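# Notes for the structure review
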Amino acid sequence: MSPTSPANPGCPTRRLTTAQALVAFLARQYTERDGRRQRLISATWGIFGHGNVAGIGQALMEAGGGRSGGGNGGAGNGAAHRMPYLQGRNEQAMVHAAVGYARQSGRLSAHAVTTSIGPGATNLVTGAALATINRLPVLLLPGDTFATRPADPVLQQLEVEYAGDVSVNDCLRPVSRYFDRITRPEALIPAALQAMRVLADPAGTGAVTLALPQDVQAEAYDWPEEFFAERDWHVRRPAPDTHELEAAVREVRSARRPLIVAGGGIRHSAAEETLAAFTAATRIPVASTQAGKGALRHDHPADVGGIGHTGTATADELARTADLVIGIGTRFSDFTTASGTLFANPAVRVLHLNITGFDAHKLAALPLVADARAGLEALTAALAGRGYRVDPAYETEYTGAKEAWEERVEASFATPDPTARPTQTQVLGLLDALVTEDDILINAAGSLPGDLHKLWRTRSRDQYHVEYGYSCMGYEIPAAIGVLLAAEGRTPRRPVWALVGDGTYLMNPTEIVTAVQENLPLKLVVLQNHGYASIGGLSEAVGAERFGTAYRHRDADGGFTGPPLPVDLAANAASLGMRVLRATTVDDLRTALSEARDAGGPTCVYVETETPDTVSGPPPAQAWWDVPVAETASRPAAVKAREEYDRQVAARRRHL
């Protein structure tokens with residue numbers, strides 16, 4: 001007869017360590033939305049050290065290990081309840097991979113990440129911030145110092161004179177949507193349930209941290225069998241409040257020049273078809289944030305491209321004259337609003353459909369708090385039969401402006417000399433000519449996000465994967481691995497491209513080794529432009545004269561204006577196991593990209609683009625971005641930049 005739980009008399013128990021119990025619990029958690037059911041935590045990334053090797057590490061081995069499982073499921077795991085293990089090389093990168101997986105999975109499935117104590121745990125902070133800012137679920141399981149304090153301090157312990165219960169893991173509190181430290185085995189039960197609740201909450205998801213003292217991980221306890229029952233977490237679609245919906249209908253019906261700002265919430269809610277139906281009925285144009293790009297295909301009549309500082313002239317001119325801005329699932333960041341200068345119509349009003357009240361009230365908006373798809377469906381139905389559609393002249397205006405912008409895109413992509421070294425935008429043009437709706441492009445930082453937002457022609461809802469909430473250098477390669485894992489099982493396999501500059505590559509190339517180990521067909525495009533080209537341009541604009549942004553030898557005066565550093569990133573990628581294709585001309589690059597797309601294993605295309613002065617080459621910024629300029633300076637460049645700053649900032653307004 002099985003022992004019974006003292007907490008639940010009559011309930012059978014299972015004796016496991018805390019780590020074994022946690023892994024067994026995680027393997028039985030599911031999400032369900034619209035009748036679709038899948039594992040909530042489908043795999044665990046890990047790097048082992050003394051803080052987790054004997055706890056979570058041992059538990060993962062018993063729970064199946066490997067990507068496809070294995071072993072005998074020693075913690076009571078059958079084949080369906082194994083916990084695949086993924087081996088990472090850098091803790092921050094493991095979180096990025098988990099985030100890429102969660103985004104590609106529609107936030108319905110996520111990964112866990114386990115680390116040792118000390119530096120392994122603090123390396124999680126950047127990835128956790130990225131996950132929480134982008135509202136994407138990831139479960140963090142850092143090891144922690146001994147709960148029982150047999151020795152004080154232990155290896156890698158942070159000593160805080162005023163508090164005995166603080167560890168380096170407390171750095172994760174402000175970047176986590178839920179945080180708990182499990183100092184007793186039985187405390188895991190409520191904490192694990194709360195963790196799943198947050199991960200599956202479409203309005204509250206992000207990084208979730210369960211800090212696990214290394215002694216508690218290995219401590220045994222009699223767990224109630226009920227803890228290991230399969231559990232479904234329904235991902236809700238909250239409908240709008242009737243009063244808010246009626247107010248929203250009145251605002252839309254009174255608008256003459258409305259503009260939709262499509263954010264990432266549309267993708268998370270799988271509301272793309274609903275948005276298309278809404279625009280078909282109303283003919284309201286749709287501009288997109290970085291997270292929302294792809295809400296409509298690039299060739300949809302209502303799609304007017306990216307909005308804000310990195311947006312198109314079409315979208316930004318519409319934003320300046322709009323009398324109603326309809327935000328859908330956006331955070332209205334400074335890039336989207338051009339730091340409060342873009343929505344310039346004195347009579348402009350803001351209506352915001354968002355699943356969180358926090359976001360829905362931004363810009364003093366009229367809130368419509370609801371799931372994006374449910375809210376759009378309700379708004380479309382409420383407007384039906386009331387005869388609303390934008391004036392045909394307005395529709396003609398924005399479609400004509402869109403056609404004019406497409407001519408500028410074509411000019412940026414043009415390659416008149418196939419024997420020349422390509423510019424960055426020509427690289428994008430060659431990719432644009434190659435890809436289909438199956439391809440996925442991943443980027444996060446540098447000058448590429450701006451070029452992509454302005455120029456890229458998105459062909460499917462998930463093709464455009466640019467992380468711009470945190471714009472984290474080093475995100476692209478591990479995120480591409482996460483996307484590839486999320487797309488496993490599809491035939492043919494979807495081509496996944498990670499686009500990086502040399503600065504970003506040097507930040508975090510380590511997961512190339514993981515792609516090689518797993519034989520994932522990652523397509524890495526490295527653009528060598530000898531420095532931080534994006535920040536170099538910004539530095540010049542704010543009067544800092546590109547100081548410290550080029551990768552060059554020091555000159556005689558101690559500056560960095562000497563010859564470019566002899567860094568060979570292609571050789572580095574090859575040394576990590578990738579197949580590398582070098583391209584020096586436009587024609588070379590066209591051939592290399594095509595070969596990489598067809599490759600069955602991890603492949604790098606390396607190309608040296610034009611100098612930083614010509615690295616970008618697309619139309620300039622169509623809207624302002626507030627980066628403060630020195631108020632006093634002796635150098636003419638900074639004085640001139642401050643004059644321009646004062647002129648721009650005068651146009652900023654508070655939307656009240």
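Every value quoted in this text rests on a predicted model; they were computed, and no experiment measured them.

A few words now on the overall build of the protein. The helix and strand tally for the protein stands at 24 helices and 23 strands. Expected size for 656 residues packed as a compact globule is a radius of gyration near 26 Å; at 26 Å, the protein falls within 12% of this value. Taken along the three principal axes of its C-alpha coordinates, the protein extends 80 × 70 × 55 Å. In the protein, buried positions account for 58% of the 656 residues. For the protein, the exposed area adds up to about 25400 Å²; of that, 53% sits on carbon and sulfur atoms.

For strand S15 (residues 324-328), a buried count of 5 out of 5 residues is recorded, marking the element as mostly surrounded by other parts of the structure. Neither face of S15 is left uncovered, since the one carrying Leu324, Ile326 and Ile328 and the one carrying Val325 and Gly327 both have all their residues buried. Inspection of the sheet shows strand S12 (residues 258-262) paired to S15 by 5 bridges, in the parallel sense. The residue bridging Ile260 from the neighbouring strand is Ile326, located in S15.

Let us look at the side chain of Thr337. Within the secondary structure layout, Thr337 lies in helix H12 (residues 334-337). On the basis of relative accessible area, Thr337 is assigned to the buried category, the value being 7%.

Relative to the helices and strands, Thr425 resides in helix H16 (residues 424-434). C-alpha of Thr425 to C-alpha of Arg459: the two residues are 34 residues apart in sequence and 18 Å apart in space. Here Ser412 takes part through its backbone oxygen, which lies 3.3 Å from a polar atom of the side chain of Thr425.

Below, the discussion takes up the packing of helix H1 (residues 18-26) against helix H2 (residues 53-62). Direction vectors running N to C along H1 and H2 enclose 50°, while the axes themselves pass 8 Å from each other. In this view, H1 runs oblique relative to H2, as classed from their interaxial angle. The handedness of the crossing between H1 and H2 comes out as right-handed. Every residue of H2 that contacts H1 at Ala19, Gln20, Leu22 and Val23 is listed here: Gly55, Ile56, Gln58, Ala59, Leu60 and Glu62. Here the residues of the contact of H1 with H2 are counted per class, giving 6 nonpolar, 3 polar and 1 charged.

Note on placement: Phe343 falls in the loop between H12 and strand S16 (349-354). Between the C-alpha atom of Phe343 and that of Glu518, which follows or precedes it by 175 residues, the distance is 48 Å. Excluding its chain neighbours within four sequence positions, the residues that come into contact with Phe343 are Ile307, Ala319, Val325, Phe332, Thr337, Val348, Leu363, Arg653 and His655.

Moving on, we come to the confidence of the model for the protein. Put simply, the protein has an average pLDDT of 94, and 96% of its residues get 70 or more. Contacts for the low-pLDDT stretch residues 69-76, under 50 throughout, to residues beyond four places or in other chains number 17 contacts.

Pairing is parallel across the open sheet formed by 6 strands, whose spatial order is S14-S13-S12-S15-S16-S17. The sheet is open, and its two borders are formed by strand S14 (303-306) and strand S17 (366-369), each paired with just one other strand. Adjacent strand axes in the sheet meet at a mean angle of 20°, parallel and antiparallel pairs treated alike. Of the pairings in the sheet, the one linking strand S13 (residues 286-288) to S14 comprises 2 bridges and is parallel in character. Bridge pairing in S14 links Val286 to Asp303. Its contacts with the sheet put helix H10 (residues 272-282) on S12, S13 and S15, and the angle it makes with S12 is roughly 170°.

This part is about a nonpolar patch on the surface. On the surface, Leu506, Leu565 and Val567 cluster together into a nonpolar patch covering about 210 Å² of accessible area. Assignment of secondary structure puts Leu565 in the loop between helix H21 (533-541) and helix H22 (569-575). For Leu565, a relative accessible area of 30% translates into the label partly exposed.

Locating Asp215 in the fold gives a position in helix H7 (residues 214-218). The buried charged residue Asp215 lacks any salt bridge, with Arg184 as its nearest oppositely charged partner at 7.7 Å. For Asp215, the residues in contact, after removing those within four places along its chain, are Phe146, Ala147 and Thr148.

What counts as what
- Residues numbered from 1 in each chain as written.
- Predicted model: local features only at pLDDT ≥ 70, side-chain atom pairs only at ≥ 80, totals over all residues.
- Heavy atoms only, no water.
- Helix = DSSP H or I, 4+ residues; strand = E, 2+ residues; numbered from the N terminus.
- Rg over C-alpha atoms; globule rule 2.2 N^0.38 Å.
- Buried < 20%, exposed > 50% of the residue type's maximum accessible area, 1.4 Å probe, protein only.
- Areas by Shrake-Rupley, 256 points an atom, 1.4 Å probe, with all protein chains shown as cover.
- Pairing = 2+ DSSP bridges.
- Polar contact = N/O pair within 3.5 Å; in protein donor to acceptor, adjacent residues only side chain to side chain.
- Axes fitted to C-alpha atoms, helices over the stretch in contact; angles between N-to-C directions.
- Parallel < 35°, antiparallel > 145°, perpendicular 65-115°, else oblique.
- Left-handed = near helix turned anticlockwise from the far one by under 90°.
- Contact = heavy atoms within 4.5 Å.
- Nonpolar A, V, L, I, M, F, W, Y, C, P; charged D, E, K, R; others polar.
- pLDDT = per-residue confidence, 0-100.
- Patch = residues over 30% accessible without salt bridge, like charges linked within 9 Å, V, L, I, M, F, W, Y side chains within 5 Å.
- Salt bridge = Lys/Arg side-chain N within 4 Å of Asp/Glu carboxyl O.
- Lys, Arg positive; Asp, Glu negative; His and termini not counted.

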